[in-house]
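Listed below are the residues making up each chain.
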Amino acid sequence: MTTRTMDTAQELAAFLRSRRERLDPDRLGLPVTRRPRRTPGLRREEVAELAGVSTDYVVRLEQGRGLRPSVEVLAALARALCLEPGERDYLFDLAGHRRPGTTGGPAAGAAPSLTALVGDLSPLPAMLLDHRYDMLAWNPEMARLLPDFEAVPPARRNAMWLCLLHPAMRGFYADREQVLRDGIAHLRAAWAAHPEDRELSGLIAEFATQDEDFARLWSEREVGVNGRGRKVLRHPVAGAITVDFDILLPLQDPELRLLVYRPADDGSRAALDRLCAR
């Protein structure tokens, strides 16, 4: 991958192939045929029949031949391929049909009221992120929680960069694989929604060339945003801290993400209190 604007036709083709190949014909109740299946998933003609389009049309889409499917065709393909909501949004973005309610470009920055809100959330660790995972605002508790955060140059204050390439955070997440999967699924969705964002493309290219785990997971084409969950953090000073997290979308700034951590148990609350009191 390069830093230039992504080739949406080729990515659309690869995405459709990957989603077709993961489907189980038996679970979809398709009739049994005598012809053996040489590859996993559905055949192109089966997808075409389910979507109500020609097999030739599906072939040309999967070959990246520059077709611009209509909203109706995309909706039919999404149903045929059993796409999750985030995957459906990704498909529409790749085809140039932006979802209702999304903005026309990257967020310009954080409104002062949102920055103030991050501070007001203390003592809960909180930060405000844009679609690239650039950290636009954070409170003192979040800064204390992230190892060696103050030493990170301002240009590198990006949540994905910290997770991947900041040495002090290499072992910070107990389940680093899942954290990366969630982050990469978000970045892929943002990448399709902002094909003009060269800074985002550059970040992804840097991550893919410098971290093998990122390159491997990026190639799996998972899409979506995990809005809540639980993480176990391994802080070098405070020890293990389990947090529940929520990701909130400001109504007037839907490209931004407000991430809030809450201690999941009394021991984690006490560890956070000790850490933030230092």
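Residues numbered from 1 in each chain as written. Predicted model: local features only at pLDDT ≥ 70, side-chain atom pairs only at ≥ 80, totals over all residues. Heavy atoms only, no water.

Burial of strand β1 (residues 126-129) is two-sided: the residues A126 and L128 facing one way and the residues M127 and L129 facing the other way are all buried. Pairing geometry for β1 and strand β5 (residues 257-263), over four bridges, is antiparallel. By the bridge assignment, L129 is partnered in β5 with R257. As judged from the three bridges shared by β1 and strand β2 (residues 135-138), these two strands associate in the antiparallel manner. Following the sheet pairing, L128 is matched in β2 by A137. (Buried < 20%, exposed > 50% of the residue type's maximum accessible area, 1.4 Å probe, protein only. Helix = DSSP H or I, 4+ residues; strand = E, 2+ residues; numbered from the N terminus. Pairing = 2+ DSSP bridges.)

Turning next to helix α12 (residues 266-276). Within α12, burial applies to S268, A271, L272 and L275. The buried residues of α12 occupy an angular sector of 100° when projected down its axis, which confines them to one face. Exposed positions of α12 whose direction lies more than 90 degrees from the buried face are D266 and R274. For α12, the side-chain oxygen to backbone nitrogen distance between the N-cap and G267 is 3.2 Å, and the N-cap itself is D265. (Arc of directions from axis to C-beta. Polar contact = N/O pair within 3.5 Å; in protein donor to acceptor, adjacent residues only side chain to side chain.)

What follows is about helix α2 (residues 44-51). Taken as a whole, α2 has its buried residues at E46, V47, A48 and A51. Against the buried residues of α2 lie α1 (8-21), α3 (55-62) and α4 (71-80). Phi turns positive one or two residues past the end of α2, at G52, with a value near 75°. (Contact = heavy atoms within 4.5 Å.)

Across all of its chains, the model carries six aromatic pairs by this definition. A ring pair is formed by F15 and Y90, whose centres lie 4.9 Å apart and whose planes are at 80°; its orientation type is edge-to-face. With F15 in helix α1 and Y90 in helix α5 (residues 85-94), this residue pair connects regions lying 75 residues apart in the sequence. Exposure class is identical for F15 and Y90. Each is buried. When the centroid spacing of 5.5 Å and the interplanar angle of 65° are considered together, the rings of F207 and F214 count as edge-to-face. When its relative accessible area of 0% is taken as the criterion, F207 is described as buried. F214 sits in the buried class, given a relative accessible area of 0%. Residue placement shows R188 over the ring face of W218; its charged tip is 4.0 Å from the ring centre. Here the guanidinium or amino end of K231 rests over the ring plane of F245, the centre of that ring lying 4.9 Å away. (Phe/Tyr/Trp six-rings, centres within 6.5 Å; stacked < 30°, edge-to-face > 60°. Lys NZ or Arg CZ within 6 Å of the ring centre and 35° of its normal.)

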